[in-house]
Amino acid sequence: MGFLVPAFLAGLAALGIPLLMHLRDRNEETPMRFPSLMFLVRLPIRTSDRRRVTDWPLLLLRALAVAVLVLAFSRPFFGKAAESSSAGRVRTVVLLLDRSMSMGYAGTWEAARDSARAVLSSLGADDQVSVVLFDEEAELAQAWTNDKAVARTIVDATTPVARGTRFGAALRVARSALIGAPPGAPEFVIVTDLQRSGLAGVAGLELPKGLPLRVVQVAAETRPNTSLRAVEARRIVDGQRVLLQVLARAVTRDLPAPRSARFTLRLAGRDVGTRTATLQPNGELAVVFDAIPAPATAVEGEVAVDADALAGDDRFHFALPADDGIAVQLVVPDDLQKDETLYLERALGIGRAPAVRVERRRPGTLDAATLDRSGAVIFWDVTPPTGAAAARFTQWIEAGGGAIVLAGPRLGARRIADLAGVAALAGSADRRAGGGAMLGEVREEHPVFSPFRAAQAALTAPRFQRYARLEPAVGSDVLARFDDGAPAVIERVQGEGRVILLAVAFDARESDLPLQPAFLPLTRRLALHASGHESTPLARTTGESWAPRRVRREPVVAAPDGTLIRPEGTGAGAALLLQQVGVYAAYAGRVDGAPRERAAVNVAPGESDLVVASPADLLLGVGESADSTLQGLTAPTSIELESRQRVWRWLIVLAALLLLGESVIASQGWRGRARRATLVSPERSPG
């Protein structure tokens, strides 16, 4: 407990006044004239002792009233107050300014700037301010300063950027700024359009207890908008031609009425298609452009719609990869029977994006040039290279190549201690007597089997009459087993490449797998996974990480604004953070010629959702910090505590009640009464 004006406690000395009044209390007698006293009897009357207090309850009541009045004037308060001084209670304001793409909506940014300037103008000369700019990320643009002109310069120089909104990142940076804040009353002021989509990630954040957070909302409740959310492009075969079909998806929100809009498709900077469509006030519209001849090489493209109040989401960039296909070497034994590999070659030859080209070879013909232009090698019932060729083959695997070994009846008839470093081969198992084996345990999360998660029966339908007995080597991973627990598919990762060993061959002699519906997708997934091919997304979003895997040596990336970036990391693991909207181009060594790989970047679709949240929603799930470095930052001063509690008002009321009670009790007049005495008449003398 403390006192705002402790000097008034000296008034407690007034407690002596009631005591003196009680000690000096006398019953004044009114003299009466009487003709003679001779006929009166002298009676001794004993009154109260006037040198001691005879009315303790009344004295205590009066003393208590005086004490309560003194306390009321001393302005008491409860709790521990922060140290106050002339300079210690200045305002320390963290100004958080939203610069995400949605702030570029017509009229919003001008309102935000004006509000930010108003916040700065409201600060006193000694008040401190720091500025945090945020979008998907947040940065401390200005450390603590009492120079408001510096902060105002930052506000004037800031413009919206093509990125999303994350309030969680902004509040975390602002909280970090408090650690170095000067003594004062901290406060957060957020100038934003308060998009609901930006609230993700706020839950779980902790802020100092009692920290004032003021939201300056600068956006209207309803903002009509049309945005391009996605683009799909696929190559289709029309006779001898390969065409490109592009579909764009547009989303509208809160349009006052349906409107007609023109959509434009551009490839490599040229307009190649247009469409006009009617947009409804709310909903999604798919716009399909006429098919055009598919480019043979990788190109960048763009779909645009007529601009509206938020121009940042009226364009969608995409990067179309080249349809160059994957070369797969099929190594077959010398005694290969006719049509033995028919099912495998037909299965790999079907499909595009990418196309798989199969080249048949004899054992011992894999040279370095062949391996360098190949994505994968399939060994059909033969062993991988041995001797000097094995070193070159292992080097190619570790650099990112892939191998698939199909252990058919030829290999199953042998015992091999080390087959490609993946497993040992211990003969074969004959299951013809029981109708054939089936797959029992499959790693569904593996890229080879993940497409079958929703159709697991497709993997258990094939029956295997005979298969090779495999014993996995240390470090190998069993991807699938037969129903008797024997390994069916084993993978071993070597460097950036991999070797996959299967206990069967893909023909109809030992199993009916080639006749099952799962054969085609399973064969294709095996080839793509072994070659390290990953489906290239047409577009990515800001904030994602991108590793140009096709550039394995000294990658250099040209950003959309022309900036050259050397990704961190080595080889295929080099990655960079995508922060700009547009197309990134990756080169090997230096920027020269056609880029090896492209990545198109757009703002996350959620940024186009302009639904506004309430300020209370911003703090949903936000807790109070237990960090000792932040405790005490928001402790109020004695003035603030006293003004909040106003205990003096209750003390005045209590004093009034005490004085009222004193008046009632004192009016009864029982104090100082004389004691009763019995009057005894003296006996008269006889005669």
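Scoring rules and cut-offs
Sequence order sets the numbering: in each chain, residues are counted from 1 along the sequence as written. Confidence filtering applies because this is a predicted model: local features only for residues at pLDDT of at least 70, side-chain atom pairs given and counted only at 80 or more, and all residues used for totals across whole chains, interfaces and linings. Remark: hydrogens and water are excluded; side-chain values derive from all non-hydrogen atoms of the structure. Strands here are runs of E lasting at least two residues and helices are runs of H or I lasting at least four, both read from the DSSP assignment and numbered beginning at the N terminus. Classification of residues uses two cut-offs on accessible area relative to the type maximum, computed with a 1.4 Å probe and protein chains only: under 20% is buried, over 50% is exposed, and between them is partly exposed. We call two N or O atoms a polar contact when they sit within 3.5 Å, provided that within protein one can donate a hydrogen and the other can accept it, with sequence-adjacent residues counted only if both atoms are side-chain atoms. Note on contacts: a residue pair is in contact if any heavy atoms of the two residues lie within 4.5 Å. For this analysis, a salt bridge means a side-chain nitrogen from Lys or Arg found within 4 Å of a carboxyl oxygen belonging to Asp or Glu. In this scheme, strands are said to pair when DSSP sees at least two bridges between them. Axis definition: a line fit to C-alpha positions, over the contact stretch in the case of helices; interaxial angles, taken between N-to-C directions, run 0 to 180 degrees. We place a 1 Å grid over just the protein atoms. Points where a 1.4 Å probe fits but has no way out form a cavity, open points with protein on both sides within 12 Å along at least 5 of 7 lines form a pocket, and any residue with an atom within 4 Å of a point lines it. Grid points are joined across faces, edges and corners, and a volume is the space filled by probe spheres set on the points. Each residue is assigned to one class: nonpolar for Ala, Val, Leu, Ile, Met, Phe, Trp, Tyr, Cys and Pro, charged for Asp, Glu, Lys and Arg, and polar for all the others, Gly among them. A helix's residues, less one, multiplied by 1.5 Å, set its expected span.

Visitor: For the side chain of Thr370, give the residues involved together with the corresponding values.
Guide: Mapped onto the secondary structure, Thr370 falls in helix α7 (residues 368-372). A relative accessible area of 4% means that Thr370 is categorised as buried. Among the polar contacts listed, one links the side chain of Thr370 to the side chain of Arg361, at a separation of 3.5 Å. Excluding its chain neighbours within four sequence positions, the residues that come into contact with Thr370 are Gln329 and Arg361.

Visitor: Before we move on, could you go through the pattern of salt bridges and cite the residues and values that matter?
Guide: One side chain can pair with another of opposite charge once the charged atoms of both are near each other. Overall, the coordinates contain 34 salt bridges when judged by the stated rule. Residues Asp430 and Arg432 are paired through a salt bridge, measuring 2.6 Å at the closest nitrogen-oxygen approach.

Visitor: Could you give me a rundown of the sheet that holds strand β26 (residues 487-494), with the residues and numbers involved?
Guide: Within the open sheet, the eight strands sit side by side as β18-β17-β19-β20-β27-β26-β25-β23. Their pairing is mixed. Both outer strands of the open sheet, β18 (356-361) and β23 (439-442), are each paired with one neighbouring strand and no more. The average angle at which neighbouring strand axes cross in this sheet is 15 degrees, direction not considered. In the sheet, strand β17 (residues 326-331) pairs with strand β19 (residues 376-380) via four bridges, with the strands oriented parallel. Counted as the bridge partner of Val331 is Phe379 from β19. Contacts between helix α6 (residues 342-349) and the sheet are confined to β17, β18, β19 and β20 (402-406), with β18 contributing the most and set at about 150 degrees to the helix.

Visitor: I'd like to hear about empty space enclosed by the protein, residue by residue, with values.
Guide: Within this structure, the stated rule accounts for three cavities of 30 Å³ or more. One number sums up the size of the largest cavity: a volume of about 150 Å³. If you trace the largest cavity, you find 15 residues lining it, with Leu439, Phe464, Val489, Leu502 and Leu522 closest to the centre. Elements with a minimum of two residues in the lining of the largest cavity: β26 and α11 (519-531). Grouping the constituent residues of the lining of the largest cavity by class yields 15 nonpolar, no polar and no charged. Of the volumes computed, that of the second largest cavity is approximately 60 Å³.

Visitor: Account for α11, naming residues and giving values.
Guide: The end-to-end C-alpha separation of α11 is 18 Å, in line with the 18 Å expected for 13 residues at 1.5 Å each. The element α11 is extensively covered by neighbouring structure, given that 10 of its 13 residues are classed as buried. Positioned one or two residues after α11, Gly532 has a phi angle of 75 degrees, which is positive.

Visitor: An account of the pairing of strand β5 (residues 138-145) is needed here, citing residue identities and associated values.
Guide: Pairing geometry for strand β4 (residues 128-134) and β5, over five bridges, is antiparallel. Looking at β5, one finds that Val131 is bridged to Gln142. Taking the residues that link successive antiparallel strands as the turn, the β4-β5 hairpin has three residues.

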